[in-house]
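Reading the structure
Next come the chains, spelled out residue by residue.
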Amino acid sequence: MSSNWKIERRTFLRGAAGALVPLPLLNLMQARAAKGGADSDASSSPVRFVTLFKPNGVHPPSWNINGGTENDFRMSPLMKPFSRHREDLLILDNMGDFGFSSHSNSTRRFLSGHHENRKSASLDQIIADKIGKETTHRSLELTTEGLFVNQIGCSYISYDHNGKPLPRESDPQLVFDRLFRNPAQDPGRRQELSSLLDRVREDARALQRKAGKEDSETLEEYFTVLRETEKRLQKMASVPSGGVDHSSLQRPDTPFSLDDQVEAMLDVIGMALWTDSTRCISYMLGNSNSRLIFDFLGINRQHHYLSHFFRNFSRSNIDALLKISLWHMEKFDSLLTRLKSYKDGGGTLLDRCVVLFGSGMGHSDNHTAQRIPIVLAGKGGGMLKTGRYLRYSENQELGRLHLALMQKFGVNSESYSNSSSPLPGLDGGPFEEFRERPFESWVKQGKGTIIVQGRFRMSDNLDEAKVFYIDVKGKPPVRIEVGFGDFHRFNLAYHVGTPIQLAGNSGEKNGQLVITKVTGLTSLFGNSKPGQANG
């Protein structure tokens, strides 16, 4: 190969029928940039931003890490599916500080910092303005589910600069066409077209003849991924023949199962980022109050119904909810595995990404905006120092995280939403880590009444997932077994994991003190009345 033969970063393979195939980063492109182009830094590979949204919160005892420190922590049971990526993760805790809110407000909060931030762009769109101008597609907004018209805000996490929701796309085939096929091509001719790779074969062969060994290997890997993606999409779109006239059939709205749909979309997401077709993607694994039924997991109830595990409690329901949550975690793992498998700029594609995974709420039944599940993945080209668990000393508004990410992507902003200081610690810098403050625990009993002070927690026993306890030093824990009215009125879910003083009517169950009705609650160190928003 001639050392003078170089190609531009935005090179496409071209073939018959208007086929255009973007390419991943090659040495042929890096060498040209290093000669003096504007992209000569960081091996010419851009940094990308991806968001993966998990609907309907979590069962906190299954998600929360308790007792860990920044560099010494054990990942929780729900984190097991992506635990092999531990060194690529930055797990954030004590994110969010609000009582409880509607599904719609929780969705808005996820990328907009606060539920009242309704007149500015979401985080992904602000970053897209900064990094998406050179790409064919400034950003992609993707989902798995149709619109929930009863509460339309549940269906969106991405908003434009006027605070208006951006349309989403749920069909991975259409997204694939938009990215890798000529937009002028009539979709109705899909079955007439042979493999996309076949149509660009000659251009590809010419490029491979001029490429070095490493570039040839990268190209072969790229073509293999592209071919496998096409096969998956073709399989999804196939209809058993049986003498049926295919031209008379309407293209199905969804593939064989939700799992097929999501895996295909993750294929396309990986391809889109690797080829630099876009640098900013938001993907919803479901609407905020997702009504999806996971029948392919053997579950026949809606996700939203199961998420209200306190008011709809049964062991089978909580088992089904956890099975769905584990599936969400597996999709996060699937995305990270794809991004790590692609070479990019001397490392992996994940090294050049910031992936934000999480929900808009913590406790799935009470919709708490406290201890919201938030995980960052990828080093972002050096933006993040991963392999750590950051539990902040005080609850943090999501807007601080958004402002920090905006600034790391080069956005010149001193505030976002209701936050005026960026969240510290993401790059390894100092932050105030959570440390348990000392407090006294005790029990005072009256005639049919009780006041108890100690740490408040949910039961770890899935057979009593709606039961709470207060730990008292030197004594058996006091059991709290109350109805939904007390659970909701006193916002018990918000106070989980913290020391409180609780007053109520007392009883006894199997020799253990039990609070059967709550009459008062005071937080020792936090907010006893954290508020609500259309709860």
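Computed from a prediction, not measured in an experiment: that's the story for all the values here.

Below, the discussion takes up the overall build of the protein chain. Across its full length, the protein chain holds 13 helices and 20 strands. Here the protein chain holds 535 residues, and 56% of them are scored as buried. Looking at the protein chain alone, contacts between residues at least 24 apart form 72% of all its contacts between residues at least 6 apart. For the protein chain, the computed accessible surface area is about 22500 Å², with 47% contributed by carbon and sulfur atoms.

With that out of the way, let us pick up empty space enclosed by the protein. Under the criterion given, the structure shown has five cavities of 30 Å³ or more. Taken as a whole, the largest cavity encloses approximately 90 Å³ of empty space. Looking at the largest cavity, the residues that line it are Val 58, Pro 60, Asn 64, Gly 362, His 363, Thr 368, Gln 370, Arg 371, Ala 493 and Val 496. Here the residues of the lining of the largest cavity sort into four nonpolar, five polar and one charged. Counted as a void, the second largest cavity has a volume near 60 Å³. Along the walls of the second largest cavity sit 13 residues, with Trp 63, Asn 64, Ile 91, Leu 92 and Asp 93 positioned nearest its centre. For the lining of the second largest cavity, a count of residues per class yields nine nonpolar, two polar and two charged.

Glancing now at the nonpolar core. The tendency in soluble globular proteins is for nonpolar side chains to be buried side by side. Phe 332 and Val 355 are the most contacted members of the largest nonpolar core, which has 85 residues in total. Looking at this core element by element, the count peaks at eleven residues for helix α11 (residues 315-341).

Turning next to the pairing of strand β16 (residues 468-472). Moving residue by residue along a regular strand, the side chains alternate between the two faces of the sheet. Buried residues dominate β16, accounting for four of its five residues. Where β16 and strand β17 (residues 475-480) come together, four bridges link them in antiparallel fashion. The residue of β17 that forms the bridge with Tyr 469 is Arg 479. Following β16, the chain reverses through two residues before pairing antiparallel with β17; Gly 474 in that reversal takes a positive phi of roughly 80°.

A word on the sheet that holds strand β11 (residues 368-370). Ordered in space as β11-β5-β20, the three strands form an open sheet in which the pairing is mixed. On the outer flanks of this sheet lie β11 and β20 (532-533), each paired with one strand and no other. Pairing of strand β5 (residues 97-101) with β20, which is carried by two bridges, proceeds in the parallel orientation. Note on β20: the bridge partner recorded for Ser 101 is Ala 533. Across the sheet, helix α3 (residues 103-112) lies against β5, β11 and β20, angled at about 145° from β5, the strand it touches most.

The buried fraction of helix α4 (residues 123-131) amounts to seven of the nine residues, a majority that puts the element mostly inside the structure. Here the buried face of α4 lies against β3 (48-53), α3, β6 (140-143), β7 (280-284), β10 (353-358) and α12 (398-408).

A few words now on a nonpolar patch on the surface. A cluster of nonpolar residues, Leu 147, Val 149 and Ile 152, forms a patch on the protein surface that exposes about 280 Å² of accessible area. Mapping Ile 152 onto the fold places it in the loop between β6 and α5 (172-180). In this structure Ile 152 comes out as partly exposed when scored by relative accessible area, which is 41%.

On to the environment of Ser 334, then. Position of Ser 334 among the secondary structure elements: in helix α11. Here Ser 334 falls in the buried class, since its relative accessible area comes to 11%. Sequence separation of Ser 334 and Glu 263 is 71 residues, and the distance between their C-alpha atoms is 7.9 Å. Once residues lying within four places of it in the same chain are set aside, the contact partners of Ser 334 are Glu 263 and Leu 266. Within polar-contact distance, the side chain of Ser 334 engages the side chain of Glu 263 at 3.2 Å. Within the structure, the side chain of Ser 334 is placed 2.4 Å from the side chain of Arg 338, a separation counted as a polar contact.

On to the sheet that holds strand β13 (residues 388-396), then. Pairing between the strands of a sheet comes from backbone hydrogen bonds, and it takes one of two forms, parallel or antiparallel. The sheet built from seven strands is open, its strands ordered β6-β7-β3-β10-β12-β4-β13 with mixed pairing. One side of each edge strand has no neighbouring strand; the edge strands of this open sheet are β6 and β13. Pairwise comparison of adjacent strand axes, ignoring direction, gives a mean angle of 15° for this sheet. Sheet analysis places β10 next to strand β12 (residues 374-377), joined by four bridges and oriented antiparallel. Opposite Phe 357, over in β12, you have Val 375 as the bridge partner. Sheet contacts for helix α9 (residues 258-274): β3, β6, β7 and β10; angle to β7, the most-contacted strand, approximately 170°.

Within the secondary structure, Asn 64 is located in the loop between α2 (60-63) and β4 (89-95). Owing to a relative accessible area of 13%, Asn 64 belongs among the buried residues under this scheme. Sequence-distant contacts of Asn 64, that is, excluding residues within four places in its chain, are made with Ser 76 and Arg 371.

Given two aromatic rings, their pairing is described by the distance between the two centres and the angle made by the two planes. Summed over the entire model, instances satisfying the criterion amount to 18 aromatic pairs. Seen from their ring centres, Phe 49 and Phe 409 are 5.8 Å apart, and the 75° between their planes marks the pair as edge-to-face. Here Phe 409 lies in the loop between α12 and β14 (442-445) and Phe 49 lies in strand β3, a separation of 360 residues in the sequence. You can call Phe 49 buried: its relative accessible area is 0%. Since its relative accessible area comes to 6%, Phe 409 is described here as buried.

Working definition: two side chains of opposite charge can pair if their charged atoms are close together. Throughout the structure, instances matching the rule amount to 24 salt bridges. With a closest N to O distance of 2.8 Å, Lys 340 and Asp 88 form a salt bridge. One end of the pair, Lys 340, is in helix α11; the other, Asp 88, is in the loop between α2 and β4, and 252 residues separate them in sequence. Of the charged contacts in the structure, one is a salt bridge between Lys 331 and Asp 259, with a shortest N-O distance of 2.9 Å. Taken together, the residues Lys 331 in helix α11 and Asp 259 in helix α9 connect sequence positions 72 residues apart. Looking at Lys 331, the relative accessible area reads 5%, which means it is buried. For Asp 259, a relative accessible area of 22% puts it in the partly exposed group. What you see here is one network of salt bridges that share partners, running through Asp 259, Glu 263, Asp 267, Lys 331 and Arg 338.

The rules behind each value
Residues numbered from 1 in each chain as written. Predicted model: local features only at pLDDT ≥ 70, side-chain atom pairs only at ≥ 80, totals over all residues. Heavy atoms only, no water. Helix = DSSP H or I, 4+ residues; strand = E, 2+ residues; numbered from the N terminus. Buried < 20%, exposed > 50% of the residue type's maximum accessible area, 1.4 Å probe, protein only. Contact = heavy atoms within 4.5 Å. Areas by Shrake-Rupley, 256 points an atom, 1.4 Å probe, with all protein chains shown as cover. 1 Å grid on protein atoms, 1.4 Å probe; cavity = no way out; pocket = protein on both sides within 12 Å on 5 of 7 lines; lining within 4 Å. Points joined across faces, edges and corners; volume = space filled by probe spheres on them. Nonpolar A, V, L, I, M, F, W, Y, C, P; charged D, E, K, R; others polar. Core = buried A, V, L, I, M, F, W, Y, C linked by side-chain atoms within 4.5 Å. Pairing = 2+ DSSP bridges. Axes fitted to C-alpha atoms, helices over the stretch in contact; angles between N-to-C directions. Patch = residues over 30% accessible without salt bridge, like charges linked within 9 Å, V, L, I, M, F, W, Y side chains within 5 Å. Salt bridge = Lys/Arg side-chain N within 4 Å of Asp/Glu carboxyl O. Polar contact = N/O pair within 3.5 Å; in protein donor to acceptor, adjacent residues only side chain to side chain. Phe/Tyr/Trp six-rings, centres within 6.5 Å; stacked < 30°, edge-to-face > 60°.

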